[in-house]
Amino acid sequence: MIQKRNFAHRTVRGRLLVALLAAGSAVGVLGISTGQASASSSKIVLTETSYYTSVASNGAIYTALNTVFSNFEKTHPGITIKREDIVNSGNSYLTAVAAEAAAGNLPDVLMLDNPTVPTLASYGELTPLSTLGPTAIPTLGAAQQAEAKFNGTIYGYPLYTNTIALFYNKAMFAAAHIQPPTTWAQLLTDAKALTNAQHYGIAFSGETCAGCNVWTFIPFLLTNGGSLTHLTTPQSVQALTLWTELTKEGAINKDFTNWNQGQPEAMFAAGKAAMMINGPWFFPTLNSVKGLSYGVVEIPVNTPGQNVVGPIGGEVWTIPKSNPTSEKAAYELLNYMAKPSVDASLATASGDIPTVKAAIPTWQKTASPLYAPLLAELKHGFVRTSTLGVLYPRVETAVGNGIVSALIGKQTPAAAFATAQANVNSILEGN
């Protein structure tokens, strides 16, 4: 029997919809799913939603999840998992999740981009794992646990993680007789030297959107001692000045302030950019490009010896509130997915790095050496919501707008970040 949730506070859900959409998604027409978990004494049907419910765009991880769910069902014959795709054409995943939450139709198992976890948790949409059993996987890293927390409570398992690094075209670097840059000065010099009529020196995301320019900017800002909440310091302004210098030198396509992560990858893959800043989820695509030989190194630093602080990416598998039977079954599923061998298979399929430390040896048997700089950066990784919590999406937008203002020449880096700082202060003060 289908059991629909009875939620009394629709006005709260309306505010949740607005809060999630403020993270950078656009509202579109969405067909709300009415399917929820059905639970009886003998049979439980869990609905599951993630980015990976379409085989066309996520073949490897889609197949891996199907295998994991099938194997789980074999060892838990009373539980069936029903995968649901909530994204329709023209809608982002975040838009769809927001609409489902506002309508009270969240699935029983929900994968979220980690900055979204505090927002849903703050509105009471997610089940604290402590109400279901042990709340931590013993071998899970502290930083990865932090991205699944709100007010100190764990709301899910971040099973795999990622960050960003500098990709470089080996043939182009060899032809120019230069090595991959390790400092900002070298990055600027190399990007200028590698810019010609055939290709730009570098490509990266410059658009203000969730997981776009601020995500890319974080290693430059934080490694140099800057802060998302202290933008007017010399260290913060220095980082933005580097980006504006790359723009002024013509070393990057002038349209990059309209780019998310996809356009830089397309340019790099097509040989139209000698370098790009991006993540390991593009390894499979790049490896399939005939004739492309590339390497990956850590993000260059301003001063030699600085440890690169990369943003911690990846998704968190959560359990939306439903009924005790379904929540307990969903908790069993999450713990199954956190087994080292299972976690290793999911990380491999998603192009990420497992967060369960016991899964690392299995994962490394087939992992590319290209992951080495990413692992090094994650040692000092930054959990985006660790200090900002539910305010991170709004702060991200304010900082992103400041970045764009400087990149298009509307303001100097110092002035752009002064404006952004005023906006961040207003957010932090609750305005």
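Note that the structure is predicted; figures quoted are calculated from it, not measured.

### Section: the overall build of the protein
- Scanning the protein from terminus to terminus reveals 17 helices and 13 strands.
- Taken over 431 residues, the protein has a buried fraction of 55%.
- Partitioning the contacts of the protein with sequence separation of at least 6, the portion at a separation of at least 24 is 76%.

### Section: the pairing of strand β10 (residues 275-278)
- Residues M275 and I277 point to one face of β10 and M276 and N278 to the other, with burial holding for every one of them.
- Across four bridges, strand β9 (residues 165-169) lies against β10 in antiparallel orientation. Following the sheet pairing, A165 is matched in β10 by N278.

### With respect to the packing of aromatic side chains
- Within the structure shown, the criterion is met by 19 aromatic pairs.
- Relative to F220, the ring of W184 has its centre 6.3 Å away and its plane inclined at 45°; by these criteria the two rings are tilted. With W184 in helix α7 (residues 184-193) and F220 in helix α8 (residues 213-223), the pair connects residues that are 36 residues apart, well separated along the chain. Assigned by exposure class, W184 and F220 land together as buried.

### Side note on the environment of E125
- Secondary-structure assignment places E125 in the loop between α4 (117-122) and α5 (142-146).
- Here the alpha-carbon distance between E125 and K321, two residues 196 residues apart in the chain, equals 5.9 Å.

### A few points about the layout of surface pockets
- Of the voids in this model, the second largest pocket is the one considered here, and its volume is about 280 Å³.
- Every residue lining the second largest pocket is counted, 13 residues in all, and those nearest its centre are Q144, P354, K357, L375 and L378.
- Of all the secondary structure elements, the ones that give two or more residues to the lining of the second largest pocket are α5, β13 (353-354) and α15 (372-378).
- Per-element accounting of the lining of the second largest pocket gives the leading share, three residues, to α15.

### Some remarks on helix α9 (residues 234-248)
- Given a rise of 1.5 Å per residue, 15 residues ought to cover 21 Å, and the 20 Å separating the end C-alpha atoms of α9 matches this to within 8%.
- In the segment just after α9, G250 is the residue with positive phi, at about 70°.

### Observations concerning the state of the cysteines
- Under the definition given, this model contains one disulfide.
- In this model C209 forms its disulfide with C212; the gap between the sulfur atoms is 1.8 Å. Handedness of the C209-C212 disulfide follows from its S-S torsion of about -75°: it is left-handed.
- Judged by its relative accessible area of 17%, C209 is buried.

### Remarks on the confidence of the model for the protein
- Here the protein averages 89 in pLDDT, while 88% of its residues score no lower than 70.
- Low pLDDT (under 50) marks residues 24-41, which in the prediction has 53 contacts with non-local residues, meaning those over four places away or in another chain.

### Let's talk about the pairing of strand β4 (residues 109-113)
- Of all the five residues making up β4, four are buried; the element is thus mostly covered by neighbouring parts of the structure.
- Two strands pair when backbone bridges link them, and strand β2 (residues 44-49) and β4 are joined in this way by two bridges, in the parallel orientation. The residue of β4 that forms the bridge with T49 is L110.
- Where β4 and strand β12 (residues 315-318) come together, four bridges link them in antiparallel fashion. In the strand pairing of β12, L112 is matched with V316.

### Some words on the sheet that holds β10
- With antiparallel pairing, three strands are arranged side by side in an open sheet as β10-β9-β11. Two strands bound the open sheet, and with one partner strand each, they are β10 and β11 (294-297). Neighbour-to-neighbour, the strand axes of this sheet turn through a mean angle of 25°, independent of strand direction.

### Considering unusual backbone geometry
- Phi at N151 takes a positive value of approximately 50°, unusual for a residue other than glycine.
- Summarising the element assignment, N151 is placed in the loop between β5 (149-150) and β6 (153-154).
- With relative accessibility at 68%, the residue N151 sits in the exposed group.

Reading the values: rules and limits
- Residues numbered from 1 in each chain as written.
- Predicted model: local features only at pLDDT ≥ 70, side-chain atom pairs only at ≥ 80, totals over all residues.
- Heavy atoms only, no water.
- Helix = DSSP H or I, 4+ residues; strand = E, 2+ residues; numbered from the N terminus.
- Buried < 20%, exposed > 50% of the residue type's maximum accessible area, 1.4 Å probe, protein only.
- Contact = heavy atoms within 4.5 Å.
- Pairing = 2+ DSSP bridges.
- Phe/Tyr/Trp six-rings, centres within 6.5 Å; stacked < 30°, edge-to-face > 60°.
- 1 Å grid on protein atoms, 1.4 Å probe; cavity = no way out; pocket = protein on both sides within 12 Å on 5 of 7 lines; lining within 4 Å.
- Points joined across faces, edges and corners; volume = space filled by probe spheres on them.
- Expected span 1.5 Å × (residues − 1).
- Disulfide = S-S within 2.5 Å.
- pLDDT = per-residue confidence, 0-100.
- Axes fitted to C-alpha atoms, helices over the stretch in contact; angles between N-to-C directions.

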